[in-house]
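Structural characterization, general
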Amino acid sequence: MLQVQNIEKYYGNKNNVTKALDRVSFDVADGEFLAIMGASGSGKTTLLNCISTIDTVSAGEIRMDGVNIADLSDDALAKFRRERLGFVFQDFNLLDTLTVEENIGLALSLNHTDAKTVQERVREVAGKLSIADILAKFPYQISGGQKQRTACARAIAAGQSLLLADEPTGALDSKASKNLLEIMSEMNRDMGATILMVTHDAYSASYAGRVLFLKDGRVFNELLRGDRGRSVFYHEILDVLAALGGDVSDVL
């Protein structure tokens, strides 16, 4: 689905250039759950910003289904963001004046999808995420876990191909973090959602099927979970993080 090919990203001018990404390459398969890790300044958020089209690369290519996103016109790029990318935020970003049903269907409505199709799609996704019984409620009337599920439902309701999450558990307590990660894992496993998550947290990364580690803007290592349990995978992630800089606390 996603191909990142030898991308580089520079900031500054010729007298003071910072190289945030240095020939980074990797693929993301359809239905994969990939986590990207690294210490502060490793380039992981810059990488996500380039993939999400918030930023542009200085060299190399990012392709979705074979299409170089740098070749898209402004209108095509806006359409690409609406229809192909979903975002999972730390604070949910739900609109208080809209019901749960309206929040989930927002992207579809912005795409001028007819009302019947919006309703059918929202109810389908809500059913899969076990929130069909709260569609008429407003965000202030539901629990934190239900807000998380609503935000995740909104992220995929319009049929988005790729879910992007930047430190999604960074502002959450341990219980809420676990709930969100289990929801994302459920979406990946049961709904076939393709997820790319940037995180500094080994526990969060252990929910992914593959972890890519960045150091100084380059790919340092990667781990595949395979059939191993999450606890085993978690400790393997910690070992790589220690090798990244010799101090796990720098990236935890």
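Just above, that's the structure.
Residues numbered from 1 in each chain as written. Predicted model: local features only at pLDDT ≥ 70, side-chain atom pairs only at ≥ 80, totals over all residues. Heavy atoms only, no water.

1. Topic: the side chain of N103
Among the secondary structure elements, N103 is positioned in helix α3 (residues 100-104). Judged by its relative accessible area of 0%, N103 falls in the buried class. A polar contact of 2.8 Å, which involves the side chain of N103, links it to the backbone nitrogen of L95. Non-local contacts of N103, meaning those with residues more than four positions away in its chain, are made with L94, L95, L98, P139, T150 and R154. (Helix = DSSP H or I, 4+ residues; strand = E, 2+ residues; numbered from the N terminus. Buried < 20%, exposed > 50% of the residue type's maximum accessible area, 1.4 Å probe, protein only. Polar contact = N/O pair within 3.5 Å; in protein donor to acceptor, adjacent residues only side chain to side chain. Contact = heavy atoms within 4.5 Å.)

2. Points about the nonpolar core
In summary, soluble globular proteins display a tendency toward joint burial of nonpolar side chains. Residues I104, F213 and I237 are the most contacted members of the largest nonpolar core, which totals 46 residues. Discounting residues that sit within four places of it in the chain, F213 has contacts with M37, R218, V219, F220, N221, E222, L223, I237, V240, L241 and L244. L2, I7, L47 and V198 belong to the second-largest nonpolar core, a separate cluster that totals 25 residues. (Core = buried A, V, L, I, M, F, W, Y, C linked by side-chain atoms within 4.5 Å.)

3. A short note on the sheet that holds strand β8 (residues 194-198)
Taken together, the 6 strands give an open sheet; going across it, the order is β6-β7-β8-β3-β9-β10, and neighbouring strands pair in mixed fashion. One side of each edge strand has no neighbouring strand; the edge strands of this open sheet are β6 (85-88) and β10 (218-224). Ignoring strand direction, the axes of neighbouring strands in this sheet form an average angle of 20 degrees. Lying on the sheet, helix α1 (residues 44-51) is in contact with β3 (33-37), β6, β7 (162-166), β8 and β9 (210-215); it crosses β7 at an angle near 150 degrees. Sheet strands in contact with helix α9 (residues 230-245) are β3, β9 and β10, and its direction is about 160 degrees off that of β10. (Pairing = 2+ DSSP bridges. Axes fitted to C-alpha atoms, helices over the stretch in contact; angles between N-to-C directions.)

4. What about the sheet that holds strand β2 (residues 16-28)?
The strand order β2-β1-β4-β5 describes an open sheet built from 4 strands, whose pairing is antiparallel. Of all the strands in the sheet, the pair left with one neighbour each is β2 and β5 (67-68). Both strand β4 (residues 59-64) and β5 contribute to a ladder of 2 bridges, which runs antiparallel. Paired with M64 across the strands is V67, a residue of β5.

5. Things to note about the pattern of salt bridges
Tallied over the full model, the rule gives 14 salt bridges. E32 is paired through a salt bridge with R210; the nearest N and O atoms lie 2.6 Å apart. Here the residue E32 occupies a position in the loop between β2 and β3, and R210 occupies one in strand β9, the gap between them amounting to 178 residues. Exposure remark for E32: the relative accessible area of 16% places this residue in the buried category. On the basis of relative accessibility, which here comes to 10%, the residue R210 falls in the buried class. Note that E124 and R121 form a salt bridge whose closest N and O atoms lie 3.3 Å from each other. Of this pair, E124 and R121 both sit in helix α5 (residues 115-128), 3 residues apart, which is roughly one turn of that helix. Judged by relative accessible area, E124 falls into the partly exposed class, the value being 37%. Look at R121 and you get partly exposed, because its relative accessible area is 23%. (Salt bridge = Lys/Arg side-chain N within 4 Å of Asp/Glu carboxyl O.)

6. Thoughts on the packing of aromatic side chains
Here the distance between the centres and the angle between the planes together describe a pair of aromatic rings. Scanning the entire structure with this criterion turns up 2 aromatic pairs. With a centroid separation of 6.1 Å and an interplanar angle of 15 degrees, the aromatic rings of F138 and Y140 are classed as stacked. Overall, the relative accessible area of 61% leaves Y140 in the exposed class. With a centroid separation of 5.6 Å and 75 degrees between ring planes, the pair formed by Y203 and Y207 is classed as edge-to-face. Y203 sits in the partly exposed class, given a relative accessible area of 26%. When its relative accessible area of 9% is taken as the criterion, Y207 is described as buried. (Phe/Tyr/Trp six-rings, centres within 6.5 Å; stacked < 30°, edge-to-face > 60°.)

Nothing here speaks to function; it is geometry throughout.
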